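# Analysis of the macromolecular model
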Amino acid sequence: MTSTLLAGRAALVTGSSRGIGRATALALADHGADVVVHCRQARELAEETAAAVRARGRRAWVMSADLEDPEQIAALFAGVREQVGGLDIYVANAAATAFKPTLAMQPHHFERTFNLIVRSLMLAVQEAVPLMKGRPGRIITVSGHGTRFTLAHYAALGSAKGAVETWTRYLAYELGALGITANCISPGVIDTDSARYYLKDTFDRLDQAVARDTPLGRMGVPDDVAGAAVWLASDLAQFVTGQVIQVDGGLSLASGPFEEIR
Ligand SMILES: NC(=O)c1ccc[n+]([C@@H]2O[C@H](COP(=O)([O-])OP(=O)(O)OC[C@H]3O[C@@H](n4cnc5c(N)ncnc54)[C@H](OP(=O)(O)O)[C@@H]3O)[C@@H](O)[C@H]2O)c1
């Protein structure tokens, strides 16, 4: 599906070399946005995303930056300022962590996860907001199921994403006067290469359990998340701010053991 909902807008999607970020970049382009495709190191994959954006008739730029590093964040936005000129939509999607139980966690695991996911949000917003001046600014963050539900080895990522949800509400509160909205998308379980990589041989069992416990009867795909991002980025959602939108097919409504007798 295509439209001109986002025609003339420029978006930066972090972590759009693959997975949900890539699908979001392409969906924004499908609806008329030009896109800065960001990656940390997977330049070739990012170039593929950019080529797919251009094939949709939109402009695309590829920029790499390690979002753990404040200097690289500043350089990324300097690139946006110089090459794109301004920004309408910032999607904070990139994430990574060490999946470990709390008792095995080292300070550097904590620091890297929180620097990438929480500190980078603060620093990126400080850079993005001046570029949104006079534009219908949209900040879209991505959290996850692990902020409300406990998952094995997910304490650091779930806690960092919880901070992202809270900070998104503060962004909505602080930036509303500038005409900027801030909302968070919380995906359920989404079938990405990363999810398959980390879950390894448990992926198929999880896929079946998620399908059983999800009212809409299946695991999510990246396009499910991308659709919500397009809506939040568009004027259709102009009066929506400070919200955490669950994009999980209803998985978060599941009632644990009672799903056995559904
Ligand atoms: N998949 C799920 O089931 C699921 C569920 C809930 C929430 N989410 C959230 O949705 C988002 C996307 O998930 P995904 O599965 O699509 O992710 P993914 O496939 O693992 O992709 C992660 C992206 O983040 C980038 N990245 C990683 N470390 C970085 C760093 N230090 N600096 C800059 N960029 C970095 C990667 O760049 P390179 O390619 O260059 O390494 C890649 O583009 C994440 O925020 C994730 O927590 C996912």
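Refer to the preceding data block for the structure.
About the criteria used
- Residues numbered from 1 in each chain as written.
- Predicted model: local features only at pLDDT ≥ 70, side-chain atom pairs only at ≥ 80, totals over all residues.
- Near = placed C-beta within 6 Å.
- Nonpolar A, V, L, I, M, F, W, Y, C, P; charged D, E, K, R; others polar.
- Pairing = 2+ DSSP bridges.
- Helix = DSSP H or I, 4+ residues; strand = E, 2+ residues; numbered from the N terminus.
- Right-handed = clockwise from strand over helix to strand, strands pointing away.
- Axes fitted to C-alpha atoms, helices over the stretch in contact; angles between N-to-C directions.
- Contact = placed C-beta atoms within 7 Å.
- Buried ≥ 20, exposed ≤ 12 C-beta atoms within 10 Å, placed from the backbone.

Contacts to the ligand come from 29 residues, most closely from Gly-15, Gly-19, Ala-95, Gly-144 and Ser-194. Class assignment for the residues of the shell around the ligand results in 14 nonpolar, ten polar and five charged.

A few words on the pairing of strand S3 (residues 60–64). Relative to S3, strand S2 (residues 34–39) is paired through five bridges, and the arrangement is parallel. Residue His-38 lies in a different strand from S3, and its bridge partner there is Met-63. One crossover worth recording links S2 to the parallel S3 by way of helix H2 (residues 43–55), and it is right-handed.

A separate point is the sheet that holds S2. Spatially, S3-S2-S1-S4-S5-S6-S7 is the arrangement adopted by the seven strands of the open sheet, whose pairing is parallel. Here the strands that pair on one side only, and so sit at the sheet edges, are S3 and strand S7 (244–247). Each strand axis lies, on average, 20° off the axis of its neighbour in the sheet, ignoring direction. As judged from the four bridges shared by strand S6 (residues 181–187) and S7, these two strands associate in the parallel manner. Each residue of the ladder has a partner; that of Pro-187, found in S7, is Val-247. Seen against the sheet, helix H4 (residues 107–131) touches strand S4 (89–92) and strand S5 (138–142) and runs at an angle of roughly 170° to S4.

We now examine the environment of His-153. Positionally, His-153 belongs in the loop between S5 and helix H5 (155–175). Classification of His-153 as partly exposed rests on a count of 17 C-beta atoms within 10 Å. Considering only alpha carbons, one finds His-153 and Gln-83, 70 residues apart in sequence, at a separation of 40 Å. Dropping the residues within four chain positions of it, His-153 is found in contact with Phe-99, Lys-100 and Pro-101.

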